[in-house]
Amino acid sequence: MVTDAKIASAATLVSTNPATGEVLAELQCASPEDVRNALLRAKAAQPRWQAMSVRDRIAILRKFQRLLSQRRDSVAQLICREVGKPTAEALATEVLVVLDATEFCIRHAHRFLREKPVPHGNILMNIKRGKLVREPYGVIGIIAPWNYPFSTPASETLAALVTGNAVVLKPSELTPLIALELERLFRDAGLDPDLFQVMVGEGPTGAALVESPVDKLIFTGSVATGKRVAESAAQRLLPVVLELGGKDPMIVLEDANLEVTTSGALWGAFMNAGQTCLSVERCYVQRSLYAPFLEMCRKKIGKLRVGNGIGSEAEIGPMIHERQLRIVEEHVNDAVARGARVLAGGRRLSEIGPNYYAPTLLADVTNDMRIMQEETFGPVLPVAPFDTDDDAVRLANDSDFGLAASVWTRNRRRGEAVAARIKAGTVMLNDMISSFGIADAPHGGVKQSGIGRTHGELGMQEMVQVKYINVDLVPGVPKPWWFGYGKRYQQQMDGLVNFLFGRNWIAKLKGGLWSMGLLRRSSRI
Ligand code: NAD
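Residues numbered from 1 in each chain as written. Predicted model: local features only at pLDDT ≥ 70, side-chain atom pairs only at ≥ 80, totals over all residues. Heavy atoms only, no water.

Chemist: So what about the site of the ligand? Which residues, and what values?
Modeler: Taken together, 28 residues lie around the ligand, and Lys170, Glu173, Ser222, Glu375 and His443 are the ones closest in. Taking tryptophan 146, its side chain carries an N or O atom lying 2.9 Å from an oxygen atom of the ligand. Taking lysine 170, its side chain carries an N or O atom lying 2.6 Å from an oxygen atom of the ligand. Out of a free accessible area of 850 Å², the ligand has 93% covered by protein chains. Elements with a contribution of two residues or more to the shell around the ligand: helix 7 (203-211), strand 8 (216-220) and helix 8 (223-234). With 3 residues, helix 7 is the largest single contributor of residues to the shell around the ligand. When the residues that make up the shell around the ligand are grouped by side-chain class, the tally is 13 nonpolar, 10 polar and 5 charged. The two domains that each donate at least three residues to the shell around the ligand are domain 1 (12-244 + 457-467) and domain 2 (248-448). (Near = heavy atom within 4 Å. Polar contact = N/O pair within 3.5 Å; in protein donor to acceptor, adjacent residues only side chain to side chain. Areas by Shrake-Rupley, 256 points an atom, 1.4 Å probe, with all protein chains shown as cover. Helix = DSSP H or I, 4+ residues; strand = E, 2+ residues; numbered from the N terminus. Nonpolar A, V, L, I, M, F, W, Y, C, P; charged D, E, K, R; others polar. Domains from an automatic or database assignment.)

Chemist: How would you summarise the pattern of salt bridges if you had to cite specific residues and measurements?
Modeler: Here the structure, examined in full by the defined rule, presents 36 salt bridges. Across the pair aspartate 472 and lysine 128 runs a salt bridge whose closest N-O atoms are separated by 2.7 Å. You can see aspartate 472 sitting in strand 20 (residues 464-472) and its partner lysine 128 sitting in strand 4 (residues 128-136), a full 344 residues away along the chain. Note that arginine 421 and aspartate 390 form a salt bridge whose closest N and O atoms lie 2.9 Å from each other. On the criterion of sequence distance, the pair formed by arginine 421 in the loop between helix 14 (412-420) and strand 17 (426-429) and aspartate 390 in helix 13 (residues 389-397) is long-range, its members being 31 residues apart. Judged by relative accessible area, which is 40%, arginine 421 ranks as partly exposed. For aspartate 390, a relative accessible area of 47% puts it in the partly exposed group. Bridged by salt links that share partners, the residues Glu322, Arg326, Glu329 and Arg348 form one connected network. (Salt bridge = Lys/Arg side-chain N within 4 Å of Asp/Glu carboxyl O. Buried < 20%, exposed > 50% of the residue type's maximum accessible area, 1.4 Å probe, protein only.)

The values reported here are purely geometric and, on their own, carry no functional implication.
Now the structure itself:
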């Protein structure tokens, strides 16, 4: 929900650079009528796209991939200007992720869309052949957030397109220019413009998309908006995927490599200024490692470069807007008031620009603090000690969220045992966040973190409806289960049950003899 100064009026919105406050563009918002018209155009174009061969659809994706690779610098710079993340990070976590997601679609679409036989276990049903076919929904609506404004909607769009759908995208009001750049890339790759349309706007434009005749919706954003979207979708049983917030725990076991783990913790908590759904939002360190872990993190934080990521070596950019900064301040203040210690940061960096917050290290936090329960979405690493593996699992699972988690240890078996007990969509050992960059891996959460998956084969699966087709191999014969019931029929059926599920061979044999009658049975009706 944006009530930000970035919004100029109900009909237009302003895109600004969060690092400097510079206005990048003022754009018209799409009205509900615009959204509806876009949907109708998409619906008209989609059957032609579905009828094309997978090979021809892949050819467009290949061109898109080539163009994106050629334009990667300008795309990364635009991402940096509109969201604030350093260009190097935009290249790694946005452009590269999309190039790889395209490759995944190109390599796997044929196999994924191929018809699959369904063998029948019941001997009686072997007079039939079954198969699964996967068909596109039609038009997929995508509502996207600002923090990964390119890789999130692009990965979803690629999976939707390659499986034969059209897409209407409502990007975040804070990052419309990046979405328009994505639209340009698809058009330049030769995609019919009606098959991928961007509807710039705020919440009401998103709401209009949910209420439009879209066939499925992929929503990525906050839990609060996700619930509103789900309520609206439920009115007409519109299928939805919800990719929502996270409060990812990092569990550091006593045998973890301190040097590597502390570097990982800082990247996991501070990359994209902590505004990543998969960020480390809570860190639990086994007591024997607790003090050295904090000390090494504190020393390393001093070496981090904060600043405008355009043409510089900055590693941490600004936050997206002032409202987000205020949430971070509230969480840090609440933690300090309840006894947490600030070991680094803990303040705005107004001397650099309007939206900068210093990378912050908090010690002695407890799970009842807001910073350990609510999504902070800022550059803060709150750390708490634990004693046993059981304690670590209990603390990690003490959350409404369940997006991802990480476990850090040199002992793989112990790490996997802890991972198995954590309630989350993804658990990584000795790394975090990078699962989003593995095109084959599914992405999504449990509990309040959402429903469904994007990325990989499971993400493709969300873009298709499964149809089971069954062909009878003896079409000239009436089926034994049709009308014509009576005492004899009941005995034959009883015999069949015994034949299939009888407790011993004698019962099976007797049942088999009785059930033979079913084959000779001619239907009364
Ligand atoms: P948000 O919920 O404010 O907005 C998300 C999108 O929903 C925007 O495009 C917005 O315009 C739109 N929207 C707002 N009101 C709407 C309505 N009533 N109907 C339909 N659409 C509406 O979220 P945000 O601030 O843009 O993004 C940050 C949140 O997204 C964080 O909670 C983060 O964890 C989450 N996120 C999750 C994932 C994931 O994959 N699980 C990825 C990125 C971000």
